[in-house]
Amino acid sequence: MEENKGLFHNLLVVEFASVLAGPSVGQFFSEMGAEVLKIESLKTQGDVTRRWKLPSEANETTVSAYFASANWGKKSVCLDLASESVKEVVYALVKKADIVLSSFKPGDAEKLRMDYATLSALNPRLLYGQITGYGSQVPRAGYDAVLQAEAGFMFLNGEKGGVPVKMPVALIDLMAAHQLKEGLLASLYRREKTGRGQYVEVSLLNAAISSLANQATNYLVAGVAPERMGSEHPNIVPYGTIFRTLDEKDIVLAVGDDRQFQSLCQALGDEALGVEPIYKTNNQRVLHRETLLPKLRELVARHEQENLLQALIQNYVPAGAVHSVPEALAQPLVQPQLIFDESLTPKGVRQIAFSSHEARLMPSSPPQLGQHTWQVLRDTGKVSEQKLKELAKKGLIFPAESEYP
(Lines give C-alpha, C1' and ligand atoms only; values in the text may rest on other atoms or scores of the structure.)
Protein backbone atom coordinates (compact mmCIF):
# COMPACT_ATOMS: atom_id res chain seq x y z
CA MET A 1 0.00 0.00 0.00
CA GLU A 2 1.39 3.41 -1.02
CA GLU A 3 2.34 5.64 1.90
CA ASN A 4 0.06 8.65 2.35
CA LYS A 5 2.25 11.74 2.00
CA GLY A 6 -0.53 14.30 1.90
CA LEU A 7 -1.95 16.42 -0.89
CA PHE A 8 0.84 19.01 -0.63
CA HIS A 9 3.77 16.62 -0.11
CA ASN A 10 5.75 18.35 -2.89
CA LEU A 11 5.01 21.90 -1.66
CA LEU A 12 7.72 23.97 0.05
CA VAL A 13 6.59 26.71 2.44
CA VAL A 14 8.95 29.26 3.98
CA GLU A 15 7.44 30.87 7.07
CA PHE A 16 8.62 34.31 8.23
CA ALA A 17 5.78 34.51 10.75
CA SER A 18 5.40 34.36 14.51
CA VAL A 19 2.80 34.21 17.29
CA LEU A 20 -0.50 32.70 16.06
CA ALA A 21 -2.03 33.89 12.77
CA GLY A 22 0.80 33.18 10.32
CA PRO A 23 2.04 30.04 12.10
CA SER A 24 -1.51 28.62 12.05
CA VAL A 25 -1.41 28.85 8.26
CA GLY A 26 1.98 27.13 8.27
CA GLN A 27 0.70 24.27 10.41
CA PHE A 28 -2.29 23.87 8.07
CA PHE A 29 0.05 23.28 5.14
CA SER A 30 2.29 20.96 7.18
CA GLU A 31 -0.74 18.85 8.14
CA MET A 32 -1.51 18.59 4.42
CA GLY A 33 1.98 17.19 3.77
CA ALA A 34 3.94 20.32 2.81
CA GLU A 35 7.49 20.90 4.00
CA VAL A 36 7.33 24.01 6.17
CA LEU A 37 10.55 25.83 7.06
CA LYS A 38 10.04 28.15 10.03
CA ILE A 39 12.63 30.93 9.78
CA GLU A 40 13.34 32.26 13.28
CA SER A 41 15.48 35.17 14.43
CA LEU A 42 18.74 34.36 16.15
CA LYS A 43 18.79 37.84 17.72
CA THR A 44 15.41 37.47 19.43
CA GLN A 45 15.79 33.75 20.17
CA GLY A 46 12.98 32.76 17.86
CA ASP A 47 9.22 33.01 17.96
CA VAL A 48 8.24 34.94 21.11
CA THR A 49 5.55 32.35 21.95
CA ARG A 50 8.33 29.90 22.81
CA ARG A 51 8.60 31.90 26.04
CA TRP A 52 4.88 32.35 26.70
CA LYS A 53 4.63 29.64 29.36
CA LEU A 54 2.13 29.02 32.13
CA PRO A 55 3.47 28.82 35.70
CA SER A 56 2.97 25.04 35.52
CA GLU A 57 5.40 24.81 32.58
CA ALA A 58 8.52 24.79 34.71
CA ASN A 59 10.83 22.85 32.38
CA GLU A 60 12.72 25.43 30.34
CA THR A 61 13.85 22.88 27.75
CA THR A 62 10.34 21.92 26.63
CA VAL A 63 8.33 23.62 23.90
CA SER A 64 5.70 25.95 25.38
CA ALA A 65 2.05 24.97 25.16
CA TYR A 66 1.32 28.20 23.28
CA PHE A 67 4.03 27.53 20.68
CA ALA A 68 2.75 23.97 20.31
CA SER A 69 -0.69 25.31 19.36
CA ALA A 70 0.46 26.36 15.88
CA ASN A 71 3.83 24.81 15.03
CA TRP A 72 3.46 21.07 14.51
CA GLY A 73 5.14 19.53 11.48
CA LYS A 74 7.67 22.32 10.87
CA LYS A 75 11.44 22.59 10.65
CA SER A 76 13.06 25.40 12.63
CA VAL A 77 15.83 27.37 10.91
CA CYS A 78 17.35 29.97 13.22
CA LEU A 79 19.60 32.68 11.78
CA ASP A 80 20.32 36.40 11.52
CA LEU A 81 18.35 37.77 8.58
CA ALA A 82 20.12 41.14 8.79
CA SER A 83 23.36 39.55 7.57
CA GLU A 84 24.08 39.74 3.83
CA SER A 85 25.67 36.29 3.91
CA VAL A 86 22.57 34.84 5.53
CA LYS A 87 20.26 36.63 3.08
CA GLU A 88 21.91 34.80 0.19
CA VAL A 89 21.38 31.49 1.98
CA VAL A 90 17.70 32.28 2.59
CA TYR A 91 17.25 33.42 -1.00
CA ALA A 92 18.42 29.97 -2.07
CA LEU A 93 15.51 28.50 -0.08
CA VAL A 94 13.03 31.03 -1.47
CA LYS A 95 14.02 30.19 -5.05
CA LYS A 96 12.74 26.66 -4.42
CA ALA A 97 9.68 27.69 -2.39
CA ASP A 98 6.05 27.64 -3.46
CA ILE A 99 4.71 29.83 -0.65
CA VAL A 100 6.17 32.43 1.69
CA LEU A 101 4.25 33.36 4.86
CA SER A 102 5.05 36.73 6.36
CA SER A 103 3.90 38.73 9.37
CA PHE A 104 6.70 41.29 9.50
CA LYS A 105 5.86 44.63 11.07
CA PRO A 106 5.16 47.32 8.44
CA GLY A 107 8.39 48.24 6.67
CA ASP A 108 10.51 45.44 8.15
CA ALA A 109 10.19 43.10 5.16
CA GLU A 110 11.45 45.85 2.86
CA LYS A 111 14.35 46.68 5.21
CA LEU A 112 15.36 43.02 5.32
CA ARG A 113 14.69 42.63 1.57
CA MET A 114 12.29 39.78 2.27
CA ASP A 115 9.31 41.58 0.71
CA TYR A 116 7.25 40.31 -2.20
CA ALA A 117 8.91 42.55 -4.81
CA THR A 118 12.36 41.23 -3.90
CA LEU A 119 11.44 37.58 -3.51
CA SER A 120 9.17 37.35 -6.55
CA ALA A 121 12.03 38.66 -8.68
CA LEU A 122 13.95 35.57 -7.59
CA ASN A 123 10.97 33.24 -7.99
CA PRO A 124 8.14 34.46 -10.28
CA ARG A 125 5.94 31.47 -9.30
CA LEU A 126 6.09 32.41 -5.62
CA LEU A 127 2.88 32.92 -3.64
CA TYR A 128 3.48 35.47 -0.89
CA GLY A 129 0.98 35.49 1.97
CA GLN A 130 1.20 38.58 4.16
CA ILE A 131 -0.65 39.25 7.42
CA THR A 132 -0.79 42.88 8.53
CA GLY A 133 -2.65 44.78 11.22
CA TYR A 134 -4.30 47.46 9.12
CA GLY A 135 -2.94 46.94 5.61
CA SER A 136 0.54 47.23 4.15
CA GLN A 137 0.21 51.02 3.73
CA VAL A 138 -0.47 51.68 7.42
CA PRO A 139 2.68 51.81 9.60
CA ARG A 140 1.02 50.32 12.65
CA ALA A 141 1.43 46.82 14.03
CA GLY A 142 -1.72 44.84 14.78
CA TYR A 143 -2.49 42.99 17.99
CA ASP A 144 -5.48 40.72 18.49
CA ALA A 145 -6.74 42.32 21.71
CA VAL A 146 -6.60 45.79 20.18
CA LEU A 147 -8.43 44.63 17.05
CA GLN A 148 -11.09 42.93 19.18
CA ALA A 149 -11.72 46.36 20.67
CA GLU A 150 -11.52 48.40 17.47
CA ALA A 151 -13.66 46.05 15.36
CA GLY A 152 -16.54 45.96 17.84
CA PHE A 153 -16.10 42.44 19.20
CA MET A 154 -15.12 43.51 22.70
CA PHE A 155 -18.04 45.96 22.85
CA LEU A 156 -20.48 43.17 21.95
CA ASN A 157 -18.94 40.55 24.25
CA GLY A 158 -20.09 40.42 27.86
CA GLU A 159 -23.27 40.50 29.88
CA LYS A 160 -26.03 43.02 29.28
CA GLY A 161 -25.23 46.12 31.29
CA GLY A 162 -21.73 44.85 31.99
CA VAL A 163 -18.30 45.94 30.77
CA PRO A 164 -16.75 45.00 27.42
CA VAL A 165 -14.91 41.67 27.55
CA LYS A 166 -12.09 40.27 25.42
CA MET A 167 -12.72 36.82 23.99
CA PRO A 168 -10.60 34.12 25.67
CA VAL A 169 -8.77 33.09 22.49
CA ALA A 170 -7.19 35.27 19.79
CA LEU A 171 -10.11 34.87 17.41
CA ILE A 172 -9.13 37.82 15.19
CA ASP A 173 -5.75 36.17 14.58
CA LEU A 174 -7.42 32.86 13.83
CA MET A 175 -9.98 34.40 11.48
CA ALA A 176 -7.18 36.20 9.63
CA ALA A 177 -5.36 32.88 9.34
CA HIS A 178 -8.42 31.27 7.77
CA GLN A 179 -8.77 34.16 5.35
CA LEU A 180 -5.12 33.82 4.33
CA LYS A 181 -5.46 30.05 3.83
CA GLU A 182 -8.40 30.68 1.51
CA GLY A 183 -6.48 33.33 -0.42
CA LEU A 184 -3.45 31.10 -0.85
CA LEU A 185 -5.50 28.08 -1.90
CA ALA A 186 -7.24 30.25 -4.51
CA SER A 187 -3.82 31.50 -5.64
CA LEU A 188 -2.51 27.94 -5.96
CA TYR A 189 -5.45 27.19 -8.24
CA ARG A 190 -4.75 30.35 -10.23
CA ARG A 191 -1.07 29.40 -10.56
CA GLU A 192 -2.04 26.04 -12.01
CA LYS A 193 -3.85 27.93 -14.76
CA THR A 194 -1.41 30.78 -15.36
CA GLY A 195 1.95 29.65 -13.98
CA ARG A 196 2.27 32.99 -12.18
CA GLY A 197 2.78 33.78 -8.54
CA GLN A 198 0.77 36.28 -6.53
CA TYR A 199 0.79 38.56 -3.48
CA VAL A 200 -2.04 37.83 -1.01
CA GLU A 201 -2.58 40.18 1.92
CA VAL A 202 -4.98 39.86 4.83
CA SER A 203 -5.24 42.52 7.51
CA LEU A 204 -6.50 41.73 10.98
CA LEU A 205 -8.94 44.63 10.62
CA ASN A 206 -10.45 43.35 7.37
CA ALA A 207 -10.71 39.81 8.74
CA ALA A 208 -12.43 41.10 11.87
CA ILE A 209 -14.92 43.30 10.04
CA SER A 210 -15.84 40.53 7.59
CA SER A 211 -16.56 38.28 10.58
CA LEU A 212 -19.06 40.67 12.17
CA ALA A 213 -21.55 39.03 9.78
CA ASN A 214 -25.17 39.48 10.91
CA GLN A 215 -24.19 41.88 13.69
CA ALA A 216 -22.87 44.29 11.05
CA THR A 217 -25.89 43.91 8.77
CA ASN A 218 -28.31 44.34 11.68
CA TYR A 219 -26.94 47.88 11.74
CA LEU A 220 -26.35 48.44 8.02
CA VAL A 221 -29.70 47.03 6.90
CA ALA A 222 -32.03 47.40 9.87
CA GLY A 223 -30.46 50.46 11.44
CA VAL A 224 -30.11 48.78 14.85
CA ALA A 225 -26.76 49.19 16.59
CA PRO A 226 -25.97 45.87 18.34
CA GLU A 227 -25.55 45.91 22.11
CA ARG A 228 -24.14 43.49 24.67
CA MET A 229 -26.61 40.68 25.31
CA GLY A 230 -24.53 38.06 27.07
CA SER A 231 -25.10 34.74 25.31
CA GLU A 232 -28.43 35.72 23.79
CA HIS A 233 -29.09 36.37 20.11
CA PRO A 234 -30.59 39.64 18.82
CA ASN A 235 -32.64 37.97 16.07
CA ILE A 236 -33.63 34.57 17.53
CA VAL A 237 -35.14 33.42 20.85
CA PRO A 238 -34.23 31.20 22.64
CA TYR A 239 -30.85 30.98 20.92
CA GLY A 240 -27.57 30.95 22.87
CA THR A 241 -29.31 31.42 26.21
CA ILE A 242 -27.86 29.35 29.08
CA PHE A 243 -30.16 27.50 31.49
CA ARG A 244 -29.40 25.77 34.80
CA THR A 245 -30.76 22.24 35.30
CA LEU A 246 -32.00 20.43 38.41
CA ASP A 247 -28.57 18.92 39.05
CA GLU A 248 -26.88 22.37 38.92
CA LYS A 249 -25.44 21.94 35.43
CA ASP A 250 -25.74 24.23 32.43
CA ILE A 251 -27.22 23.71 28.99
CA VAL A 252 -27.55 26.03 26.00
CA LEU A 253 -30.49 26.15 23.60
CA ALA A 254 -30.22 27.11 19.92
CA VAL A 255 -33.85 27.09 18.78
CA GLY A 256 -33.96 28.46 15.26
CA ASP A 257 -37.56 27.93 14.13
CA ASP A 258 -41.10 27.65 15.46
CA ARG A 259 -41.35 23.86 15.09
CA GLN A 260 -38.26 23.43 17.27
CA PHE A 261 -39.75 25.73 19.89
CA GLN A 262 -42.92 23.65 20.08
CA SER A 263 -40.83 20.48 20.44
CA LEU A 264 -38.83 22.18 23.20
CA CYS A 265 -41.97 22.99 25.16
CA GLN A 266 -43.23 19.41 24.76
CA ALA A 267 -39.95 18.03 26.09
CA LEU A 268 -40.11 20.44 29.03
CA GLY A 269 -43.64 19.29 29.87
CA ASP A 270 -45.53 22.46 28.90
CA GLU A 271 -46.92 21.88 25.42
CA ALA A 272 -49.34 24.81 25.77
CA LEU A 273 -46.46 27.28 26.07
CA GLY A 274 -45.36 26.42 22.54
CA VAL A 275 -48.63 27.62 21.01
CA GLU A 276 -49.32 30.71 23.11
CA PRO A 277 -49.92 33.60 20.67
CA ILE A 278 -47.19 35.82 22.15
CA TYR A 279 -44.58 33.04 21.87
CA LYS A 280 -45.75 31.02 18.87
CA THR A 281 -43.53 32.71 16.26
CA ASN A 282 -39.92 33.80 16.47
CA ASN A 283 -40.86 37.44 15.89
CA GLN A 284 -43.19 37.28 18.88
CA ARG A 285 -40.57 35.53 21.01
CA VAL A 286 -38.00 38.24 20.21
CA LEU A 287 -40.54 40.92 21.25
CA HIS A 288 -41.46 39.08 24.46
CA ARG A 289 -38.13 37.51 25.46
CA GLU A 290 -38.25 39.21 28.89
CA THR A 291 -41.34 37.20 29.91
CA LEU A 292 -40.52 34.00 28.02
CA LEU A 293 -37.03 33.32 29.34
CA PRO A 294 -38.01 33.20 33.05
CA LYS A 295 -40.70 30.63 32.18
CA LEU A 296 -38.20 28.50 30.30
CA ARG A 297 -35.69 28.74 33.17
CA GLU A 298 -38.32 27.48 35.60
CA LEU A 299 -39.18 24.53 33.33
CA VAL A 300 -35.54 23.58 32.63
CA ALA A 301 -34.75 23.64 36.36
CA ARG A 302 -37.15 20.69 36.86
CA HIS A 303 -34.98 18.34 34.75
CA GLU A 304 -31.54 16.80 35.16
CA GLN A 305 -29.06 17.77 32.46
CA GLU A 306 -28.36 14.43 30.80
CA ASN A 307 -31.99 13.28 30.72
CA LEU A 308 -33.15 16.59 29.30
CA LEU A 309 -30.43 16.73 26.66
CA GLN A 310 -31.24 13.24 25.44
CA ALA A 311 -34.94 14.14 25.18
CA LEU A 312 -34.16 17.32 23.29
CA ILE A 313 -31.76 15.61 20.88
CA GLN A 314 -34.25 12.82 20.20
CA ASN A 315 -36.87 15.47 19.35
CA TYR A 316 -34.46 17.41 17.10
CA VAL A 317 -34.20 20.41 19.39
CA PRO A 318 -30.70 21.97 19.14
CA ALA A 319 -29.19 21.90 22.62
CA GLY A 320 -25.93 21.03 24.32
CA ALA A 321 -24.10 20.89 27.62
CA VAL A 322 -21.83 23.79 28.59
CA HIS A 323 -18.44 22.08 28.76
CA SER A 324 -15.17 23.09 30.34
CA VAL A 325 -12.15 22.82 28.01
CA PRO A 326 -11.10 19.45 29.53
CA GLU A 327 -14.64 18.17 29.04
CA ALA A 328 -14.71 19.46 25.47
CA LEU A 329 -11.43 17.75 24.59
CA ALA A 330 -12.52 14.49 26.25
CA GLN A 331 -15.44 13.99 23.88
CA PRO A 332 -15.01 10.84 21.74
CA LEU A 333 -15.75 12.73 18.52
CA VAL A 334 -12.94 15.17 19.33
CA GLN A 335 -10.18 12.61 19.84
CA PRO A 336 -9.18 12.33 16.15
CA GLN A 337 -8.54 16.08 16.07
CA LEU A 338 -5.90 15.86 18.80
CA ILE A 339 -2.30 15.26 17.78
CA PHE A 340 0.55 14.20 20.01
CA ASP A 341 3.81 12.36 20.26
CA GLU A 342 3.64 10.57 23.59
CA SER A 343 7.42 10.31 23.87
CA LEU A 344 8.28 13.95 23.20
CA THR A 345 5.71 16.71 23.59
CA PRO A 346 2.27 17.55 24.95
CA LYS A 347 -0.83 17.11 22.84
CA GLY A 348 -1.83 19.63 20.20
CA VAL A 349 -4.92 20.42 18.16
CA ARG A 350 -5.10 20.04 14.40
CA GLN A 351 -5.57 23.20 12.36
CA ILE A 352 -7.47 21.08 9.84
CA ALA A 353 -11.09 20.47 10.81
CA PHE A 354 -12.40 18.93 7.59
CA SER A 355 -12.51 15.26 6.64
CA SER A 356 -11.48 13.75 3.32
CA HIS A 357 -10.78 10.32 1.87
CA GLU A 358 -7.06 10.71 2.55
CA ALA A 359 -5.67 9.31 5.79
CA ARG A 360 -4.69 11.90 8.36
CA LEU A 361 -0.96 12.54 8.57
CA MET A 362 0.80 12.58 11.91
CA PRO A 363 2.89 15.77 11.81
CA SER A 364 6.24 15.84 13.55
CA SER A 365 6.46 17.47 16.97
CA PRO A 366 6.82 21.26 17.28
CA PRO A 367 10.54 21.93 16.73
CA GLN A 368 13.09 23.11 19.23
CA LEU A 369 14.65 26.46 18.34
CA GLY A 370 17.08 26.03 15.46
CA GLN A 371 16.62 22.27 15.45
CA HIS A 372 16.86 21.87 11.67
CA THR A 373 19.07 24.84 10.74
CA TRP A 374 22.07 22.94 9.42
CA GLN A 375 20.03 20.13 7.88
CA VAL A 376 17.81 22.52 5.89
CA LEU A 377 20.59 24.84 4.78
CA ARG A 378 22.76 21.90 3.74
CA ASP A 379 20.11 19.72 2.07
CA THR A 380 17.64 22.24 0.66
CA GLY A 381 19.80 25.37 0.38
CA LYS A 382 22.84 23.40 -0.85
CA VAL A 383 25.14 25.32 1.50
CA SER A 384 28.50 23.65 1.98
CA GLU A 385 29.66 22.37 5.35
CA GLN A 386 32.53 24.84 5.28
CA LYS A 387 30.17 27.76 4.65
CA LEU A 388 27.91 26.62 7.49
CA LYS A 389 30.88 26.50 9.85
CA GLU A 390 31.91 30.02 8.81
CA LEU A 391 28.42 31.40 9.39
CA ALA A 392 28.17 29.65 12.76
CA LYS A 393 31.58 30.95 13.83
CA LYS A 394 30.41 34.50 13.09
CA GLY A 395 27.25 33.91 15.14
CA LEU A 396 24.95 34.26 12.13
CA ILE A 397 23.25 30.84 12.29
CA PHE A 398 22.46 28.41 15.05
CA PRO A 399 25.69 26.68 16.17
CA ALA A 400 26.47 23.17 14.99
CA GLU A 401 26.35 21.71 18.49
CA SER A 402 22.69 22.68 18.64
CA GLU A 403 21.84 20.60 15.56
CA TYR A 404 19.50 17.71 16.33
CA PRO A 405 19.67 14.26 14.72
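Residues numbered from 1 in each chain as written. Predicted model: local features only at pLDDT ≥ 70, side-chain atom pairs only at ≥ 80, totals over all residues. Heavy atoms only, no water.

Under an unreviewed UniProt entry, the name given to the protein is Carnitine dehydratase, and the organism recorded is Rufibacter tibetensis.

**Student:** Can you walk me through the sheet that holds strand 5 (residues 127–132) in this structure?
**Tutor:** Strand pairing in a sheet relies on backbone hydrogen bonds. The paired strands run either parallel or antiparallel. Strand order in the open sheet formed by six strands is 3-2-1-4-5-6, with parallel pairing between adjacent strands. Because the sheet does not close on itself, it has two edges, and the strands there are strand 3 (74–79) and strand 6 (198–203). Neighbouring strand axes in the sheet, compared pairwise and without regard to direction, differ in orientation by 20 degrees on average. Bridge analysis of strand 1 (residues 12–16) against strand 4 (residues 99–102) gives four bridges, and the strand direction is parallel. The residue bridging Val 14 from the neighbouring strand is Val 100, located in strand 4. Here helix 8 (residues 171–194) sits on the sheet in contact with strand 4, strand 5 and strand 6, set at roughly 165 degrees to strand 6. (Pairing = 2+ DSSP bridges. Helix = DSSP H or I, 4+ residues; strand = E, 2+ residues; numbered from the N terminus. Axes fitted to C-alpha atoms, helices over the stretch in contact; angles between N-to-C directions. Contact = heavy atoms within 4.5 Å.)

**Student:** I'm lost on unusual backbone geometry in this one. Help?
**Tutor:** With the exception of glycine, the majority of residues adopt a negative phi angle, and the majority of peptide bonds are in the trans configuration. The linkage connecting Val 237 with the following residue, Pro 238, adopts the cis geometry, with an omega of -5 degrees. Among the secondary structure elements, Pro 238 is positioned in the loop between helix 10 (213–220) and strand 7 (239–244). Here Ala 213, not a glycine, exhibits a phi torsion of approximately 45 degrees, which is positive. Tracing the chain through its elements places Ala 213 in helix 10.

**Student:** Looking at this structure, I do not really get the domain arrangement of the protein. What am I missing?
**Tutor:** When the parts of a complex come together, some accessible area is lost, and that lost area is often used as the size of the interface. Entries for the protein in the domain assignment read domain 1 (12–211 + 337–403) and domain 2 (239–322). A separation of 44 Å is found between the C-alpha centroids of domain 1 and domain 2. (Domains from an automatic or database assignment.)

**Student:** So what exactly am I meant to see when it comes to the sheet that holds strand 9 (residues 319–321) here?
**Tutor:** Spatial strand order, 7-8-9: three strands in an open sheet with antiparallel pairing. A single partner strand is all that each edge strand has here, and the edge strands are strand 7 and strand 9. Across the sheet, the mean angle from the axis of one strand to that of its neighbour is 25 degrees, orientation sign disregarded. Note that strand 8 (residues 250–254) and strand 9 share three bridges and pair antiparallel. Its bridge partner lying in strand 9, Leu 253 is registered against Ala 319. Contacts from helix 13 (residues 289–300) reach strand 7 and strand 8 within the one sheet, and its direction differs from that of strand 7 by about 45 degrees.

**Student:** For this particular structure, what's the right way to read the pattern of salt bridges?
**Tutor:** Between side chains of opposite charge, pairing is possible as soon as their charged atoms come close. Taken as a whole and judged by the stated rule, the model has 17 salt bridges. Taking the shortest distance from any N to any O, the salt bridge between Arg 244 and Glu 248 comes out at 3.1 Å. In this structure, Arg 285 engages Asp 258 in a salt bridge whose closest nitrogen and oxygen atoms are separated by 3.0 Å. Of this pair, Arg 285 sits in helix 12 (residues 282–287) while Asp 258 is found in helix 11 (residues 258–268), placing the two residues 27 residues apart along the sequence. Overall, Arg 285 belongs to the buried group, its relative accessible area being 0%. In the salt-bridge network here, residues are joined through shared partners; they are Glu 15, Lys 38, Asp 47 and Lys 74. (Salt bridge = Lys/Arg side-chain N within 4 Å of Asp/Glu carboxyl O. Buried < 20%, exposed > 50% of the residue type's maximum accessible area, 1.4 Å probe, protein only.)

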